[in-house]
Each structure stands twice: as C-alpha cells, then as structure tokens.
Amino acid sequence: MSPLRFTLNGRDTEVEARPGASLLETLREKCGVTSTKNGCEPQGQCGCCLALVGGKALVTCAMPADKAEGKEVVTLEGLPDQERERTARAFVAAAGLQCGFCIPGFALRANHLLDKNPSPSRDEIAKAIDVHLCRCTGYTKIIDAVELLAQARRDGTMPEIASEGGVGARLARVSGDALTLGDRPFVADMTRPGMLHGALTLSAHARAKVIRIDTTKARAVPGVAAVVTAADVPGERWYGLILNDWPGFVAEGEEVRCVGDVLAAVAAADEATARAAAALVEVEYEVLEPVTSPEAALAEGAPQVNPTHPNELSRTVIDRGDVDAAFAASAHVVEGTWTTQRIEHLYLEPEAALVDHVDSDDGNGAGARGHRLKLYSQGQGVFDDRRQVARFLDLSEDQVDVELVPNGGAFGGKEDMSVQSQTALLAQLTGRPVRLVLSREESIRIHPKRHPITMHYRVGCDAEGRLTAVRARMLGDTGAYASVGAKVLERAAGHACGPYRVTNVDVIAICASTNNPPCGAMRGFGANQAHFAIEGALDLLAEKVGIDGWEMRWRNAVDIGDTFSSGQVFEKSIGVKKTLLAVKDAYYQAKAEGRAVGIACGIKNSGIGNGAVEWGKARLVPEADGTVSLYNGYTEMGQGLFTVLVQFAAEVTGLPASCFRPKVDSRFDLGCGQTTGSRATLFAGNAVIAAARTLRAALDRGATVTDLAGEVFAADFEIADTNAPGKPSRSASGGEKTHTSFGFATQVCMLDQNGRVDRFIAAHDVGRAVNPALCEGQIEGSVHMGLGYALTEDLPCEDGMPVTFKLREIGVLRARDMPEVEVILVEEHEPEGPFGAKGVGEIGLVPTAGAVAGALAAFDGVRRYTLPMKDSPAAKAMSVGRIKPRTK
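Quick caveat: nothing in here was measured; it's all calculated off a predicted structure.

**Quick word on the overall build of the protein chain**
- When helices and strands are tallied, the protein chain shows 23 helices and 32 strands.
- The C-alpha atoms of the protein chain give 27 Å as radius of gyration, which agrees with the globular expectation for 888 residues (29 Å, within 12%).
- Expressed as lengths along the three principal axes of its C-alpha atoms, the size of the protein chain is roughly 80 × 70 × 60 Å.
- Within the protein chain, the fraction of its 888 residues that count as buried is 64%.
- In the protein chain, the share of contacts with a sequence separation of at least 24, taken over all contacts with a separation of at least 6, comes to 78%.
- When the accessible surface of the protein chain is totalled, it reaches about 28800 Å², and 48% of it is carbon and sulfur.
- Of the side-chain charges in the protein chain, 94 are positive and 113 negative, and the distance between the mean point of each set is 2 Å.

**Remarks on the nonpolar core**
- Counting residues in each nonpolar core, the largest one holds 158 residues, and the members touching the most others are Y457, M474 and L791.
- No other element matches helix α15 (residues 527-545), which puts 10 residues into this core.
- In contact with L791, not counting residues within four places along its chain, are V757, V852, L856, P868, M869, K870, S872, A874, A875 and M878.
- In this structure, W246, F249, F392 and A424 belong to the second largest nonpolar core, which totals 46 residues.

**Some remarks on the pairing of strand β18 (residues 400-404)**
- Burial of β18 is extensive: 4 of the 5 residues sit out of reach of the surface.
- In the sheet, strand β17 (residues 372-377) pairs with β18 via 5 bridges, with the strands oriented parallel. Each bridged residue has a counterpart across the sheet, and for Y376 the counterpart in β18 is E403.

**What to know about the packing of aromatic side chains**
- Overall, the coordinates contain 16 aromatic pairs when judged by the stated rule.
- Measuring from centroid to centroid gives 6.4 Å for F106 and Y139, while their planes differ by 55 degrees, and the two rings are tilted. Highlighted residues: F106 in helix α3 (residues 103-116) and Y139 in the loop between α4 (122-128) and α5 (140-155), separated in sequence by 33 residues.
- For the pair F564 and F742, a centre-to-centre distance of 4.9 Å together with 65 degrees between the ring planes defines the contact as edge-to-face. On the criterion of sequence distance, the pair formed by F564 in the loop between α16 (549-556) and α17 (576-592) and F742 in strand β28 (residues 741-751) is long-range, its members being 178 residues apart. Summarising the burial analysis for this pair, F564 and F742 share the class buried.
- Following the ring pairs from residue to residue traces out a cluster consisting of W550, W554, Y587 and Y588.
- Of note, R458 hangs over the ring of F327, and the distance from its end group to the ring centre comes to 4.6 Å.

**Remarks on the sheet that holds β18**
- Read across the sheet, 7 strands follow the order β8-β12-β6-β19-β16-β17-β18 without closing on themselves; strand pairing throughout is mixed. Looking at strand neighbours, the two that pair on one side only are β8 (224-228) and β18, the edges of this open sheet. Ignoring strand direction, the axes of neighbouring strands in this sheet form an average angle of 20 degrees.
- For strand β16 (residues 352-358) and β17, the ladder comprises 6 bridges, and the chain directions are antiparallel.

**Topic: the packing of helix α11 (residues 382-393) against helix α12 (residues 420-430)**
- One way to put it is that α11 packs onto α12 with a least axis distance of 9 Å and a crossing angle of 50 degrees. Classified by the interaxial angle, the pair formed by α11 and α12 is oblique. As α11 packs across α12, the resulting crossing turns out to be right-handed. On α12, the residues touching D385, V389, F392 and L393 of α11 are Q420, S421, A424, L425 and Q428.
- Its residues assigned to classes, the contact of α11 with α12 comprises 5 nonpolar, 3 polar and 1 charged.

**Focus: α11**
- For α11, spanning 12 residues, the distance from its first C-alpha to its last is 16 Å, which sits close to the expected 16 Å at 1.5 Å a residue.
- With 10 of 12 residues buried, α11 lies mostly within the body of the structure.
- Along its buried surface, α11 packs onto β9 (238-239), β17, β18 and α12.

**Considerations on the sheet that holds strand β13 (residues 282-287)**
- Judged by pairing direction, the sheet is antiparallel, and its 3 strands sit side by side in the order β11-β7-β13 without closing on themselves. The open sheet terminates on both sides in strands that have one partner only, identified here as β11 (255-256) and β13.
- Examined bridge by bridge, strand β7 (residues 208-214) and β13 share 6 bridges and lie antiparallel to one another. Across the sheet, residue A208 finds its bridge partner in β13, namely V287.

**As for the pattern of salt bridges**
- The full count for this structure, using the stated rule, is 66 salt bridges.
- Note that K572 and E832 form a salt bridge whose closest N and O atoms lie 3.3 Å from each other. Here K572 is found in the loop between α16 and α17, whereas its partner E832 is found in the loop between β32 (820-826) and α22 (848-860), with 260 residues between them in sequence.
- Among the charged side chains, a network of salt bridges with common partners joins K572, D721, K737, E830 and E832.

**Description of helix α18 (residues 641-653)**
- For α18, built from 13 residues, the straight-helix expectation of 18 Å at 1.5 Å per residue is met to within 8% by its first-to-last C-alpha distance of 18 Å.
- Here α18 lies mainly inside the structure; 12 of its 13 residues are buried.
- Residues L641, F642, T643, V644, L645, V646, Q647, F648, A649, A650, V652 and T653 constitute the buried set of α18.
- Residues of α18 that are buried make contact with β18, β25 (628-632), β26 (660-663), α19 (680-700) and α20 (772-791).
- Looking at the residues trailing α18, positive phi occurs at G654, about 80 degrees.

About the criteria used
Here the residue numbering is sequential within each chain, running from 1 through the sequence in written order. Side-chain atom pairs in this predicted model are given and counted only at pLDDT of 80 or more, local residue features only at pLDDT of at least 70, and totals for whole chains, interfaces and linings cover all residues. The side-chain figures draw on all heavy atoms in the structure; neither hydrogens nor water molecules are used. By definition, any uninterrupted DSSP run of H or I lasting at least four residues is a helix, any uninterrupted run of E lasting at least two residues is a strand, and each is numbered from the N terminus. Only the C-alpha atoms count toward the radius of gyration. The rule for a globule is 2.2 Å times the residue count to the power 0.38. Buried means the residue's accessible area, taken with a 1.4 Å probe over protein chains only, is under 20% of the maximum for its type, while exposed means over 50%, and partly exposed covers the values in between. Only heavy atoms enter the contact rule, under which two residues are in contact if any of them lie within 4.5 Å. Areas reported as accessible are Shrake-Rupley estimates using a 1.4 Å probe. Residue values count occlusion only from the protein chains shown. Note that His is not counted, nor are the chain ends; the positive residues are Lys and Arg, and the negative ones are Asp and Glu. Charge coordinates come from a single atom per side chain, which is NZ of Lys, CZ of Arg, CG of Asp or CD of Glu. In this text, buried Ala, Val, Leu, Ile, Met, Phe, Trp, Tyr and Cys residues form a nonpolar core when linked through side-chain atoms within 4.5 Å. By definition, two strands form a pair when at least two bridges between them are found by DSSP. Two rings from Phe, Tyr or Trp (for Trp, the six-membered ring) form a pair when their centres are within 6.5 Å of each other. A pair whose planes differ by under 30 degrees is stacked, one over 60 is edge-to-face, and the rest are tilted. By definition, being over a ring means that NZ of Lys or CZ of Arg is both within 6 Å of the ring centre and within 35 degrees of the ring normal. Helix axes use the C-alpha atoms of the stretch in contact, all axes being lines fitted to C-alpha atoms, and the angles between their N-to-C directions lie in the range 0 to 180 degrees. In these notes the angle categories are as follows: under 35 degrees is roughly parallel, over 145 is roughly antiparallel, 65 to 115 is roughly perpendicular, and the rest is oblique. Note: crossing handedness is left-handed where the near helix turns anticlockwise from the far helix by less than a right angle, and right-handed where it turns clockwise. When residues are sorted by character, Ala, Val, Leu, Ile, Met, Phe, Trp, Tyr, Cys and Pro go into the nonpolar class, Asp, Glu, Lys and Arg into the charged class, and all the rest, Gly among them, into the polar class. In this scheme, a helix's expected span is set at 1.5 Å multiplied by one less than its residue total. The term salt bridge refers to a pairing of a side-chain nitrogen on Lys or Arg with a carboxyl oxygen on Asp or Glu at a separation within 4 Å.

What follows is the structure in structure tokens.
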C-alpha cells in the first residue's frame, strides 16, 4: 500500500489506504471520521457519506480513495464550531430529523448550499438535496431546517430550541444535536480494543440442498481469526419471534430456503479481509426448483418450504352475520381483485451488531457475575435478541448483557434477528470483540419485507350508500420464514372493512410460505394492503350510488357502538368523523376548482392485541449528579419514543426535562417484546407515568434528586384484556376486544393538471399530541412512505432473488418528488392512553394508496387495482422507481 496524502479538516493527513478502498472507507476506518455514514456503498445514492472534496460536495462511497490525493477534504467535523452549533440547533428546532442516520449528510449539504446561495427557495433546497435519501421525515422538516439555518446565518443568530417542557410541548428531540452532527454513534461507528470484523457467506440460491461447505481457503487468508458454520453452534441453531423456524446457519445436508440464508461467518482483522475470506467459502449445492408464489406453495404436491411447518402458515377467519342474504338484498354490489407488492424497508442504517466481553461489574450495577458477553443491538426488541442469542450459544440469559443502540430506522424490519447470533458466536469462539455490519445488498437479501397480498373483495351497499356486506379472500406471500407473517395476515383480516360500519362480514386470510425473501413486520402491518382494497371498493360503490367520496365515507364511518371488522364493539375514542370534518372544506374546494381529488380513511390498532399479553415497564433511577436515568423496554428508532417518555416524566414529576437520561439495557430486565403495533408510547408511557408518580411522591416529601440517588422507582403495566378474533372475551365488559386502542385518519390527494400529486392533506386522530412537532414529523414521513408504496416502490424477485438492489430503482421518493403535505392533528382523548395519547407510527400511510388511486381515477377515469401504480401519470412524474432490465 502506498501512502495517501490529503488535507482533512484543515490538517495534513497521511494514511495507508487499501488498494481499491473508497474514500468513505478510508475516512471512517483510517481517520476515525463518523459523520460520514455508509448507507449504500458503492452506489452513491443515499448521500449519507457526503464530504467536500476539493470544494465540491461528493458522495465518498462511490469515490476511490486515491482520487483525494493532494486535495482538501472537509467533513462535518471540520466546520467551525459556531457553524456546527448553528446547524445542529436549526435541525433540532425545526424537528428536521428522526432516526438521524442520514442527517449529517443533509447538514453538510445545507452548509455547502448556503455558502453559494444564502437565500435559497424551498424548490432550490429540494433540488440541492436530491442526492440525499431520508426514509423517516418526508423531507418537509428538513427543508424547514435548511430555511431556518439560512435565516440564522444571514442574521448572525442561533436558532432557539425548546430544551424544557412536558406534555404538549414541542420539546427538542433527545440527542438531536449529536445526531445532526454525527457525534452520537450508531453500531457501525463503535469500536473496541482488539476488535475483529465479521462477514457472512450467503446462499447463492433460493432453494437448494447444501452438499458441502468448505472453509479451507477462507481460513488460509492472512488476518482471518475464525470461520464458523452450523457445526460450530453450541446451542439451539433455530430461532424466531413466534416459531423457531429460522436457522442462524444452514447446515450441510439441509436446504437453503432463500437467498438471505447464512452458510458461514468470518472474523478477521478488518472488514475487507473478512469479506474477501467469506467470498472464498466454497459451497456445493444441488439446486432445486424454488417455490416462488403463494398459489404454487398451496398447490397439491408442492415441496414443503420450511421443515418446521406446512406451507399454509396460517388461516384467519372472520364470520359475522349473513353475508349472502345481505348481498341479495343490496342495491349495489361491486367486486374486484386488488394486489399489492413486496416492499423493501430501506432504512438508511444497514443491520449491524457488536459483541464485547465483560467481567464482573461493567458499571450497570449488575455486580460481579463472572465473564459475560455484551451485545450492542439496534434491534426493535433487544431483550428478545438477548433471549435468542443466549439459546443459540447455550448460555443463560444472565450470561448475555444487552444494550440498545438507538437505530437508524427500522419500520418493522429490525424485529427479527439479523446478525446478532452470528456476531455473538464469532465473539464467543475468538474471545475478542466482534463487529459485523451488512452491506446494502446483504441487508435487502436477509431482512423481512412488506407482504405482497392478493385480495378479492365483494362489497355491497343499500340505495343510500350504506355498506351491507363485505366478503374478502386474502392470500399473502410470507417468504421462507414465519417471522410475524401469520399476524400480518391476521391484522389484514381484522382491518378488512377499514373504519366503516359493516354488519355482515366474511373474511378468510391465508399466509403462505415460499422461497422468496421472508416477509414480516412493516409499518402498517397488513392494514395498508386491506385499505387499498376496501377504499377502492368504496369509490366504486359511490359511483353507483351517485355520491362523492367524502359523503360515501361520512355515511359509513364508525362511531361509538359500532363494530370493527374483528368483532370488537367501539366503546371510546373514535375520531374518524372528526378527521373527515377536518378535510371537508379543502376536499370540496378542490372539486369546485375542477381538480382531480381522491379521499380515503384509515384505522390502525395501537397495541398488538388479539389475545397477546403486553407490557409497559419503566424504572426511574435518580443519580448522584442530579440526573434521572429513565429505563424502558422499547426501542428508540427515530419515532421519538425517548423524547415523549421524557415529557411524560417531566410532566408528572415537575422536574426539568433536561435532567432525564433515557436508556435501554439489561441493568433491569424490562423485556416487553418488540417495538411494534404502534404501542410503545401507549404502554411505555403509562409505565413511565406510574413510576414518575412514585418519584413525585418522594420529592413531595421534601427529598431532592440527589437525596434519592440509587433508589429505583418502578412500574410494570400489564395489558391482558384482548382476545383473538372469534375467541372468548377477556375484557371487563365481557365483549370482544381485539385491540386496546385505535388511531384514525382521513387523507386527501390532489393532482395538478398533468396528473402529478400536487398537494396532500393528512388529518389524524392522535388522541393527544404529546409533542406536536414530532407527531407531525411521523405523519409527514408516513405519507412519504405511503406515496412511494402507491406509485413507485417495488422489490420484484426472479427465482427468489431481488432483481435490483439499487436505491433509486427500488423507488423511495426524493425531496423533489414530494408534494406539499399538510398535517392536521385531531385530538380525540384515549382513556387508556398516557394523557390521552395513541400511537401514530403506522396510521400515517394506511389510507394513502387509496387516496392516490381515487385521485388518479378522477383524473383519467382508470380504476387501478395493482400497486405500485407505475402506469399512472403521477408515477411517471417521479424521478425514481424505474427498474432497468438486467442481462443474465
């Protein structure tokens, strides 16, 4: 290796760059720069790795390191301290970040833009950030942040941020300044003395028998410390969230079931060596014909995809009333088949894990417990991660500590295990810390996706448009492993009628296993798919009745006393009509102006429900320095959970918000399962409030925080009153209760004269807006994801392999693709929620595709039944989602 010389943030720098290394790799691994993140190397399509090279803003993952020879390189760390502070304050004040993984790139881009153009328009800002991808925010508040930063630079001022506040305040996001500047480490930023780097060998086929795995060549690579396979696993090799049907390694003599299956793992001195060695693992296969559709999986004589369960993973049945008689008496009946696609989560932070070794007390107050492994996880349920890793290694859970490293986006895709078990095994066998980080392609191959579902609906109504009956048949492709697929189809069935009053319901939802990539949890969890179908059916019926979309939904919207699809009778907090009223004037004004407009409503449960026992757990621990550690069992992943929990604690105790330090680790066993089902605010919030009340009582007796140092104020909040559809009731009222709470929404989509989405209104019943800024941001980001789902996003597979791994082809929208989004927060108090709040993390994209489809039908008269609607003028106006044909 020859030395590479350049100027880095004003200092002459000389490093030994690996031949073929990117500038990103060199900055991170050789220079210790962490503001440049690796979201897609070598694609250069996410902007997370931005640096200024020779005065130009460039993506460093696509730039060979030797191209920086003799040049000046500036990263976010190199900006003057005053500008760093101003930038951080602007993004925090505008709520212009969520998970924060992508934001350092945006922040550096903003400064580069403003150096050239001190007063850019919003369109100019959107154009400037086109190379950057954000999966969380929807860009609205990022553009707000750049505008605020521009104003502050012109005025020579510092943006004001809300550092204190309780419920209802627009409190600054916890760690928002450090996230903006890239100073708060993600897993891939963390290092340990003597740390090894991991890499995986994945299956080349979606279905094949593994004849032989030969690791000889991999072991011979200089710098390799270990190569492991299934034969090295000391404990239970198969794990899973519901069924233990997913092997951490596929063994010789077994079948690989998807292209994300792991055959071997390598630990080496650096990541490049580990990857080179993993590529040298030789695997002999007997290639078999993959099962690539749920119809084929259910056909007689189909190969059994997974040896632990039949291809029909689950069947959910909902049967209420007399559907056939209701159809016979209906004035109008419509019928159709709606299909939805496989969707990649595309969170910007790929999967990663770090496993270290600890002895005796590691500072968490656990005391001397001997040698243990410590797992640093980005997962959505780190206590589930600990349980599964311990079984895999044949250890007790006490021998595995775990700490959450808040992740760079998840949206459901980090519920299942990814690399935690393989990383832990490498650490156990080498006796050294190991960090394993997936590439973007590996991430896409391994983690579960959104389910593609085919839905055949028959829906009737009376002469006035009031719904009489719904019959739905749903078939979902859950891929090779169970994940939570059965629950996704159960949820789709339970949301089959949307937020509408239907007395007669006949729904069957089947979840089938194939050799496609696994499908599991993704924001909306089956409700999105069902709503696309039911909203389309409502539009068809409205045409037959001769009324518009708003009136059709108003006549059918549920209220107190009505029955949900699942059979639950609504008793409280039903805000769908308030959301309809919130958009009524805008809807009719758009129609009066002759614009193509679509409308759709949505409902989404808060809490998993369906008979699951759920928990909220919290511990408040005053510390000697006057702070209060705030422990809970759920994951911060950009949704703002830590911030709203601080607000609950501050509201109840009267202490300043700035004194609370939220964290999740195994000092306390607070396992609550996965951060899913829009339940973390609901359940963890109630637990924090209960714990805070006991702390408040101690403070009211005259104690100070430092007086109480070391005391633990605990609360465990159990929810055990729901039932699965059709199962006996467990609620106090004696009636069916499938879910604790529900969020509601109405969304309106308006097109311009060319059929492009021009304006979007989202009115949402949030119960109580604990932090309005973060709440708005969640909904804006959800709308962004929903528009991509409707128009451009897709992950098609051929023979079980995704046909593309390129970010722009996968179709996530860029800033210039986004319309104006108006969020209207409606507060319908939820008596079972903390200060009346409900979860809002998923409802934001549940009705979106239906609203877009309605607007397109109004524009060109074409009713579209398949997502994404790439044939539409709205999709053709977007800059992404065009998958180029591949040559074999």
